[in-house]
Amino acid sequence: MVTGAGAEPRAGRVRGERARGPSAALDMALRRRPSLVLLLLLVRGCLIGAVNLKSSNRTPVVQEFESVELSCIITDSQTNDPRIEWKKIQDEQTTYVFFDNKIQGDLTDRAELLGKTSLKIWNVTRKDSALYRCEVVARNDRKEIDEIVIELTVQVKPVAPVCRVPRAVPVGKAATLSCQEGEGFPRPHYSWYRNDVPLPTDSRANPRFRNSSFVLNPETGTLVFSAVHKEDSGQYYCIASNDAGSARCEEQDMEVCECLLSLDPGAGGPVTLAGALSSVPAALCSAHGLPGVCRVWWEDPLKD
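So, here is what we can say about the structure in this document. (Residues numbered from 1 in each chain as written. Predicted model: local features only at pLDDT ≥ 70, side-chain atom pairs only at ≥ 80, totals over all residues. Heavy atoms only, no water.)

Topic: the layout of surface pockets
Inclusion rule: Of the grid points, spaced at 1 Å and generated over the protein atoms alone, those admitting a 1.4 Å probe that cannot get out make up cavities, while open sets with protein on both sides within 12 Å along at least five of seven lines make up pockets; any residue with an atom within 4 Å of a point is treated as lining. Grid points are joined across faces, edges and corners, and a volume is the space filled by probe spheres set on the points. Secondary structure elements are taken from DSSP: a helix is a run of H or I of four residues or more, a strand is a run of E of two residues or more, and numbering for both begins at the N terminus. Each residue is assigned to one of three groups, with Ala, Val, Leu, Ile, Met, Phe, Trp, Tyr, Cys and Pro labelled nonpolar, Asp, Glu, Lys and Arg labelled charged, and all others, Gly among them, labelled polar.
Here the second largest pocket defines a volume of roughly 170 Å³. In terms of lining residues, the second largest pocket is bounded by N80, D81, P82, R83, I84, E85, F98, F99, D100, N101, L113 and K116. Going through the elements one at a time, β5 (83-90) and β6 (93-99) are the ones with two or more residues in the lining of the second largest pocket. Counting residues per element, the lining of the second largest pocket draws most heavily on β5, at three residues. For the lining of the second largest pocket, the class distribution of residues is five nonpolar, two polar and five charged.

What follows is the structure in structure tokens.
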């Protein structure tokens, strides 16, 4: 136990520190560690004296003709009335979307500001796919300017594709079916159907189509037969699909045959050549005075 003259001054110091409270103790600690003072000042300047933005979704995806919100939120700022601007960046060109407190350009009647800074667009179109930059200027903040970029993707449903199917193909000959669609975004993938049955990308990979010899390219929409068989006859149609939807063309018949070949010489009316198409000699065409017509049909069955 400590007694005597030295005990009272120590007790007095303890009581004095307690009386001054935690603030005095903190001040003493800061005086002893000046580096801590500098760190606290830097943190305070970054978090409180600077405007900062965030977004709940920097890569929104929406289907055409729907609405979308481009999220831009001020998380820190000391300025009550900051200046807000939105800009659209597309094809290396930058245009105003929101400037001088109003919507600009082609979004004049289709957009509004939500809260202070977020942007809502109604009835979006494929032309709205672009980068959008939200810029905030806070004059009373230590860091006055911050910006955030939103990438908007507008998906477009495919329209009915254009399909070409040869009407008749001789047994053993090659045939190409094509399917093309130019409106959908992202670019659609293609699938072919025969008699409502989906076709695989390669007939050799599926025992069900072992009597066929075709390859389907889902990127280009072409269905190529190296040598058609009788079993390849049927009704064909194609479907173009992407994340926004799908569309199909009308069914078209393709006949694989050993049958009669009908040619039209013009004013003289149709001429029928009897025999198997795969073995019709050129001399038979010449005998009817139609070598040109016969040759054209033989080289390209798509031409009637």
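Considering the pairing of strand β14 (residues 175-180)
Quick reminder of the rule: Should DSSP find at least two bridges between two strands, the strands are regarded as paired.
Inspection of the sheet shows strand β12 (residues 162-164) paired to β14 by three bridges, in the antiparallel sense. Bridge pairing in β14 places C163 opposite C179.

Examining the packing of aromatic side chains
Applicable threshold: Any two of the Phe, Tyr and Trp rings considered here, Trp counted by its six-membered ring, make a pair once their centres fall within 6.5 Å; the pair's planes then place it as stacked at under 30 degrees, edge-to-face at over 60, or tilted in between. Charge over a ring is defined by NZ of Lys or CZ of Arg lying within 6 Å of the ring centre and within 35 degrees of the ring normal.
Applying the stated criterion across every chain yields a total of five aromatic pairs. Following the ring pairs from residue to residue traces out a cluster consisting of F209, F214, F225 and Y236. A cation over an aromatic ring shows up here: R248 above the ring of Y237, its NZ or CZ 3.7 Å from the ring centre.

A few points about the sheet that holds strand β9 (residues 118-121)
Worth spelling out the cut-off: Axes, fitted as lines to C-alpha atoms, cover a helix only where it is in contact. Angles between the N-to-C directions of the axes lie from 0 to 180 degrees.
Across the sheet, three strands lie side by side as β3-β9-β8; this open sheet has antiparallel pairing. Here the strands that pair on one side only, and so sit at the sheet edges, are β3 (68-70) and β8 (111-114). Looking at each pair of strands side by side, their axes are set apart by 25° on average, direction ignored. As paired strands, β8 and β9 are joined by four bridges and run antiparallel to one another. Counterpart to E112 in the pairing with β9 is K120.

Some remarks on the pattern of salt bridges
Operational definition: Salt bridges are identified by distance alone: a Lys or Arg side-chain nitrogen within 4 Å of an Asp or Glu carboxyl oxygen. We call a residue buried when its accessible area falls under 20% of the maximum for its residue type, exposed when it is over 50%, and partly exposed in between, using a 1.4 Å probe and counting protein chains only.
One pass over the structure, following the stated rule, counts eleven salt bridges. Between E85 and R83 there is a salt bridge, with the nearest N and O atoms lying 3.4 Å from each other. Overall, E85 belongs to the buried group, its relative accessible area being 6%. Ionic pairing is found between R204 and D202, a salt bridge with its closest N-O pair at 2.9 Å. Its relative accessible area of 70% is what places R204 among the exposed residues. Several salt bridges share partner residues, and in doing so they unite K87, R133, E135 and E147 into one network.

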